[in-house]
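# Observations on the three-dimensional arrangement
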Amino acid sequence: MAFLQIADLSATYGRSPVLSGVSLAVEKGEVLSLIGPSGSGKSTLLRVLIGLLPPQAGSVTLAGQRVDYAVPAALRALRGRCAIVFQQYNLFQNMTVLNNVMVAPLKIKRRPRPEVEEEARALLGKVGLSAKLHAHPSELSGGQQQRVAIARALAVKPELLLLDEVTSALDPELVQEVLDIIRLLAQEHMTMIAVSHEMGFVREIATKVALMSEGTVVEIGTPAEIFDAPRSERARAFISKIIRAH
Amino acid sequence: MAGIWQELPRFLTWYNGIFLLNALLNTLLLSIIGCLAGGTIGLSLAIIRCARGRAMAVPRAFAWAFTEFFRRLPPLVVLMLAFFGASVARVDLTLFQVALIGLCLIATASLAEIVRGGIVSVHPNQWDSAAALNFGYLRCVLTVILPQAWRVIIPPAISFMLLFIKDTAFASQLGTLELTYAGKVLTTKGFSAALSYGTVLLLYFALSYALAGLGRRLETSIGIPADR
């Protein structure tokens, strides 16, 4: 069985269905990229996976263990192994950069401060923010905030990293600095599910691409299969639209 | 005006001074204990009211009902409820204690609503981030939400507390010795209303001016500019 196995997953916002029968598998070290038009359920799928939106049906199995989202202990265990980076960074505005990265390992994982601080400084060095340790999020650019958000997610040592359109809210000149970090993580074989509109980047780092539309996975394959030889009509229409836009 | 000057020597006695000081002290105690108890219990009620999940349904409903009920009643009615409630329950309380309970109920309900307003003013994405990082509800509120909500909570809370000092005057209707009651007693002793209530006015002003100053210092310390 794959490291992450999603089977027939469905979810609703109120009464409107937003995910219907999504099935996907992600192997350890793989980078799965979710693409598709706005409102196709890509971000919702990540929110369901991390337990921010309860699924209505279907199952999620992580490392051989089925996740019961209704059981707080199971949810805590899942969130101990997964982390998410949001489109709008969602950094804690009341904390410095360093504290944003340290807070979960310190307060939730209850690890010793010196060790946590050393790791946090190293992570912030990795994302190129050693000079901003004591700055508050409001003093940083969007790109810098997103890099802090990535460092914060990595600080909990996730086995699976969920990236929700992490460059969509950034000015074009800041996109690259964030993509560089993700590229680095991919080279380190971090298992990731990334929702992205950066098609060139998806093609470069994704090992697998899933095209979503109207809450379901329309087509799944390697980047070459999806971008160069889409099988379904919907995939062909979407890819041709993207190619025209670029 | 000349009458007041003639009254002054008779007014400025040691006995009247102690009497007014006692009344001032009681007003201060009613205000401070009311705000402290109201602030603490109100904060707890607001935290309970903002909690989600079925397990919290009953405490949440209680917090909602308590806040909405006492916030909608005139202060005097709440004090009367406390007074008659204590007699019906046959609890042996002094008038001061009854007034204090009534005032605590008023402060709790109002401050609970002010804190709730602060909590809901924090961007929902902060809750999402905290939840995704495995923060429990209380830890999220205490480490992420409240530190950001204080800026929204403190100014109206201070404003409420200044108004609340004036609400303590309703305790005079129960016969509790506080500033307004002292004014009433002094007039019945034959002093002019201008002198008695004028003195009371000055003492109320001094009290709320001092507390307003403390409030401004508190606002400045959490980074809220004094003036735009």
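Before reading on, note that the structure itself is shown above.
Residues numbered from 1 in each chain as written. Chains lettered and ligands numbered in written order. Predicted model: local features only at pLDDT ≥ 70, side-chain atom pairs only at ≥ 80, totals over all residues. Heavy atoms only, no water.

Glancing now at a nonpolar patch on the surface. Residues and elements named next belong to chain B. The grouping of L25, L29 and I33 at the surface amounts to a nonpolar patch, some 230 Å² of accessible area in total. Looking at the secondary structure, you find I33 in helix α2 (residues 14-50). For I33, a relative accessible area of 32% puts it in the partly exposed group. (Patch = residues over 30% accessible without salt bridge, like charges linked within 9 Å, V, L, I, M, F, W, Y side chains within 5 Å. Areas by Shrake-Rupley, 256 points an atom, 1.4 Å probe, with all protein chains shown as cover. Salt bridge = Lys/Arg side-chain N within 4 Å of Asp/Glu carboxyl O. Helix = DSSP H or I, 4+ residues; strand = E, 2+ residues; numbered from the N terminus. Buried < 20%, exposed > 50% of the residue type's maximum accessible area, 1.4 Å probe, protein only.)

Take the packing of aromatic side chains next. The full count for this structure, using the stated rule, is 10 aromatic pairs over all chains. Centroid distance F66 of chain B to F70 of chain B: 4.8 Å. Interplanar angle 50 degrees. Geometry classified as tilted. Remark: F70 of chain B and F66 of chain B occur in helix α3 (residues 57-72); sequence separation between them is 4 residues, near one turn of the helix. Taking relative accessible area as the criterion, F70 of chain B reaches 14% and is therefore assigned buried. Linked through ring pairs, F62, F66, F69 and F70 of chain B together constitute an aromatic cluster. Stacked on the ring of F3 of chain A, the Lys or Arg K28 of chain A has its end atom at 4.2 Å from the ring centre. Over the face of the ring belonging to F19 of chain B we find K189 of chain B, whose NZ or CZ atom lies 5.7 Å from the ring centre. (Phe/Tyr/Trp six-rings, centres within 6.5 Å; stacked < 30°, edge-to-face > 60°. Lys NZ or Arg CZ within 6 Å of the ring centre and 35° of its normal.)

Position of T180 of chain B relative to the elements: it lies in helix α8 (residues 179-188). With near-sequence residues (within four places) excluded, T180 of chain B lies in contact with A169, S172, Y197, V200 and Y204 of chain B. (Contact = heavy atoms within 4.5 Å.)

Before going further, it helps to spend a moment on the nonpolar core. Side chains of a nonpolar character, in soluble globular proteins, are inclined to be buried together. If you look at the biggest cluster of nonpolar residues, it comprises 91 residues, and the most contacted ones within it are L124, L161, I182 and M192 of chain A together with F135 of chain B. Per-element accounting of this core gives the leading share, 13 residues, to helix α5 (residues 95-121) of chain B. Excluding its chain neighbours within four sequence positions, the residues that come into contact with F135 of chain B are F92, V103, A104 and I108 of chain A together with A130, C140, T143 and V144 of chain B. Formed by 37 residues, the second largest nonpolar core is a distinct cluster that contains A11, V18, L49 and L162 of chain A. (Core = buried A, V, L, I, M, F, W, Y, C linked by side-chain atoms within 4.5 Å.)

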